[in-house]
Amino acid sequence: MDKYIWLIPLLPLAGFVINGLGRNSLPKSIIGALASLMVLLSFALSVGAFLQVKATGAPINVTLFDWIKVGDLHVPFSFLVDQLSSIMLLIITGIGFLIHLYSIGYMSHDAGFGKFFAYLNLFVFFMLLLVMGSNYIIMFIGWEGVGLCSYLLIGFWFTNPSYADAAKKAFVMNRIGDLGFLIAVFIIMKTFGSITYADVFTKAAGMHTGDKTILLITLLLFVGATGKSAQIPLFTWLPDAMAGPTPVSALIHAATMVTAGIYMIARSNILFTLAPVTQSVIAVIGVVTIILAALIALTQTDIKKVLAYSTVSQLGYMFLGLGVGAYTGSFFHVLTHAFFKALLFLGAGSVIHAVSGEQNMRNMGGLKGKLPITFITMLIGTLAISGIPPFAGFFSKDEILAHTYMHSPVLYIFGVLGAMFTSFYMFRLMFLTFWGSFRGTHEQEHHLHESPPSMTIPLIVLAILSTIGGFMGVPHALGGHHWLEHWLEPVLNPSAARTGKMFIAINTELVLMAVSVGGAIIALIYAYIKYIKQADVPVADDAERPALVKLSFNKFYIDEIYDTIIRKPLDGLSVFFYKVVDKKGIDGIVNGLGQGPMEAGKGLRLLQTGNVGFYLFMMVIGVIAILIYSLIKI
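S.K.: Help me out: how do you make sense of the packing of helix 13 (residues 276-297) against helix 14 (residues 303-323) in this one?
M.R.: To describe two helices that pack against each other, one gives the angle between their axes and the distance between the axes. Here helix 13 crosses helix 14 at 160°, and the two axes come no closer than 7 Å. Our classification of the angle between helix 13 and helix 14 gives roughly antiparallel. The chirality of how helix 13 crosses helix 14 is left-handed. Together, Gln279, Ser280, Ile282, Ala283, Gly286, Val287, Thr289, Ile290, Ala293, Ala294, Ile296 and Ala297 of helix 13 and Val306, Tyr309, Val312, Ser313, Gly316, Tyr317, Phe319, Leu320, Leu322 and Gly323 of helix 14 make up the contact between the two elements. Grouping the amino acids of the contact of helix 13 with helix 14 by side-chain chemistry returns 15 nonpolar, seven polar and no charged.

Laid out in structure tokens, this is it:
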């Protein structure tokens, strides 16, 4: 298997090249089939790699060539497939293939069909590079590549200025985080003399907890993670990223790219374990993000915006897990979240497809009879994200909450509150979309229909995964053996050796589960009473709302605050530098240096009159001047 590992990222890259060059000449059927096939073949190879790692217990290391050799620094271009990256490969290629298949139906009438699939393949290539690299440099190349593809896909319909602005916003905010990541890589290089994972982590294991250099490195890495994984304060780009086609939201902003920050921290777990201050920062940022994003999601009327803020909130749970040392639980939630959030986004796309592009839930309702497959699969996704057993989200979220309780009961309370908010806003979405009577136009109602099989088959597969996916991590309290925990042990052992294994009494764990599930059910019942029994429908977007609801609906005015304290001052500073420093200062000096000789030349040319008498006069004056100068010198 080792000799074929390089094909896993290369196949999607080949799909990008072929579809990119033939986007205007190849038939749509060929483009869609080729792009999907390349990802499917990568998935098959990823399964082979996973089975080899499972059979041997040893990671696959493949060095393609020596890349950078400067002094003592040696950076090979090599791939590492171990217990952690093998799972990520399955997520990226497996979910990626389903989203490619879905996109064939969803984008079938779009003029940029070929370009869209070329971009999707390019994204998969860079994401695979990110997780397969054996060192931080290759990870950073993939990191930047997925940022580029995010920009291209968010702004896919760039003729709409607001969509183009959303793409630029995502690009700029990610660059802020990426700078922190890049500086961290330089410090790692200086501190350890290498940027290869094996070398760095082996040397780090011998360092003491609380080392200041490790603290600086981890804080900078976390800055990178906050940008890519949309945490406070760099989270506002992700909701705006819903400007892209819905499959983009499912692939990039739910299942893969936004989890890159979690993957990077889990990969570097020993560094973060040695920096408890950084872990505390991560936990606090995570829990604040959970609550803030959930509060915003409570009042949104755009179906994709609800799911976007839900994504930000669920990413907060993953960071909360990382912050309290629950690396397995955090990665477990990455896995289950990929299932149910991709399902929910694709389900939302099916709804939007059925109602002729409408995204406002005020104009939906009564769709469960018209879209039965979409309804059932989205209901499963909603139960999963709400943490209702036995669906996937219950197992992963409760593992994070259990570790959080042992670390800090205060953070646990906020985590449970966030779970209740999640249940409420997700069932609010379901009730407004699928129950009651249809509130759209007669023309929309006339065209209501279930999506084609190319869109519903991925929904069914993801619904199955959202139902059974949690059973790979059944806790001991429920009679399980937590397969995923044992699977990840070789990667997480360096941290476990430092902190020891968390012990929680079975009765305590069962009570914690009952509290979180009970809270989710209470929120579900409240949503049912409000939107089914009372048939409440949100007011129009421009209507007056109570103060707190208005605050939530307007996203706590965070974009406006950033606009006031960051963008406008920078714009003003830019205008000052342009008009004063550049135009009047630099241009004034440069133009002045040119203008002086030019004006002098204008004066001197007046002496060229063509009058011979005047020339003789000037010659006499010159001779007299020379004589006077000579006398003075004597």
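S.K.: Looking at this structure, how should I read empty space enclosed by the protein?
M.R.: Gaps left between atoms show up when a probe the size of a water molecule is rolled over them. All told, the structure shown has three cavities of 30 Å³ or more when counted by the stated rule. As a volume, the largest cavity reaches approximately 50 Å³. Together, Asp398, Glu399, Leu401, Ala402, Tyr412, Glu509, Leu512, Met513 and Ser516 line the largest cavity. Every element with two or more residues in the lining of the largest cavity is listed here: helix 17 (392-407) and helix 22 (506-533).

S.K.: Looking at this model, I keep getting lost on the layout of surface pockets. Mind explaining?
M.R.: Its boundaries defined by the atoms lining it, the largest pocket holds a volume of some 1,000 Å³. Taken together, 41 residues make up the lining of the largest pocket; nearest its centre are His403, Glu485, Gly500, Lys501 and Met502. Elements represented by at least two residues in the lining of the largest pocket include exactly helix 13, helix 15 (327-354), helix 17, helix 21 (483-499) and helix 22. Looking at the lining of the largest pocket element by element, the count peaks at nine residues for helix 21. For the lining of the largest pocket, the residue count by class is 17 nonpolar, 17 polar and seven charged. Within the residue set of the lining of the second largest pocket, elements represented by two or more residues are helix 6 (161-192) and helix 24 (558-604). Counting residues per element, the lining of the second largest pocket draws most heavily on helix 24, which supplies eight residues.

S.K.: Before we go on, may I ask you to explain a nonpolar patch on the surface in this structure?
M.R.: There is a patch of nonpolar side chains on the surface, built from Ile561, Ile565, Ile566, Leu570, Leu573, Phe576, Phe577, Val580, Val581, Ile586 and Val590 and spanning about 960 Å² of accessible area. By the secondary structure assignment, Phe577 is in helix 24.

S.K.: Even after reading the chapter, I still don't get the nonpolar core, so can you show me in this structure?
M.R.: Soluble globular proteins tend to pack their nonpolar side chains together in the buried interior. Core analysis: the biggest nonpolar cluster contains 186 residues, and Tyr136 and Leu271 have the highest contact counts within it. If one sorts the elements of this core by residue count, helix 15 sits on top with 17 residues. Not counting residues within four places of it along the chain, the set of residues in contact with Tyr136 comprises Phe181, Val185, Ile188, Ile195, Tyr197, Phe201, Ser268 and Leu271. Val287, Leu320, Ala402 and Ala419 belong to the second largest nonpolar core, which has 17 residues in total.

S.K.: Whenever I open this one, the packing of aromatic side chains confuses me. Can you help?
M.R.: For any pair of aromatic rings, the description consists of the separation of the ring centres together with the inter-plane angle of the planes. If you walk through the whole model with that rule in mind, you get 32 aromatic pairs. Judged by centre distance (5.5 Å) and plane angle (80°), the ring pair of Phe140 and Phe181 falls under edge-to-face. Of this pair, Phe140 sits in helix 5 (residues 136-154) while Phe181 sits in helix 6, placing them 41 residues apart in sequence. No difference in accessibility class separates Phe140 from Phe181, as the two residues are buried. Centroid distance Phe431 to Tyr528: 6.0 Å. Interplanar angle 75°. Geometry classified as edge-to-face. Here Phe431, found in helix 18 (residues 409-434), pairs with Tyr528, found in helix 22; they are 97 residues apart in sequence, far enough to count as distant. For Phe431, a relative accessible area of 5% translates into the label buried. Given a relative accessible area of 35%, Tyr528 falls into the partly exposed group.

S.K.: Mind showing me how you'd approach the side chain of Gln444 here?
M.R.: Along the chain, Gln444 turns up in helix 19 (residues 442-446). Taking relative accessible area as the criterion, Gln444 reaches 11% and is therefore assigned buried. Excluding residues within four positions of it along the chain, Gln444 makes contact with Ala354, Val355, Ser356, Glu358, Asn363 and Phe438.

S.K.: Sorry if this is basic, but what is going on with the pattern of salt bridges here?
M.R.: Close approach of charged atoms allows side chains with opposite charge to pair. Throughout the structure, instances matching the rule amount to eleven salt bridges. One salt bridge in this structure joins Arg567 and Asp563, with 2.2 Å as the shortest N-O distance. With Arg567 and Asp563 both in helix 24, this residue pair falls four residues apart, about one helical turn. Take Arg567: its relative accessible area is 41%, and that puts it in the partly exposed class. Classification of Asp563 by relative accessible area gives partly exposed; the value is 22%. Each of the salt bridges in this network shares a partner with another, and the network as a whole consists of Glu144, Arg175, Asp178 and Lys228.

Definitions and cut-offs
- Residues numbered from 1 in each chain as written.
- Predicted model: local features only at pLDDT ≥ 70, side-chain atom pairs only at ≥ 80, totals over all residues.
- Heavy atoms only, no water.
- Axes fitted to C-alpha atoms, helices over the stretch in contact; angles between N-to-C directions.
- Helix = DSSP H or I, 4+ residues; strand = E, 2+ residues; numbered from the N terminus.
- Parallel < 35°, antiparallel > 145°, perpendicular 65-115°, else oblique.
- Left-handed = near helix turned anticlockwise from the far one by under 90°.
- Contact = heavy atoms within 4.5 Å.
- Nonpolar A, V, L, I, M, F, W, Y, C, P; charged D, E, K, R; others polar.
- 1 Å grid on protein atoms, 1.4 Å probe; cavity = no way out; pocket = protein on both sides within 12 Å on 5 of 7 lines; lining within 4 Å.
- Points joined across faces, edges and corners; volume = space filled by probe spheres on them.
- Patch = residues over 30% accessible without salt bridge, like charges linked within 9 Å, V, L, I, M, F, W, Y side chains within 5 Å.
- Areas by Shrake-Rupley, 256 points an atom, 1.4 Å probe, with all protein chains shown as cover.
- Salt bridge = Lys/Arg side-chain N within 4 Å of Asp/Glu carboxyl O.
- Core = buried A, V, L, I, M, F, W, Y, C linked by side-chain atoms within 4.5 Å.
- Buried < 20%, exposed > 50% of the residue type's maximum accessible area, 1.4 Å probe, protein only.
- Phe/Tyr/Trp six-rings, centres within 6.5 Å; stacked < 30°, edge-to-face > 60°.

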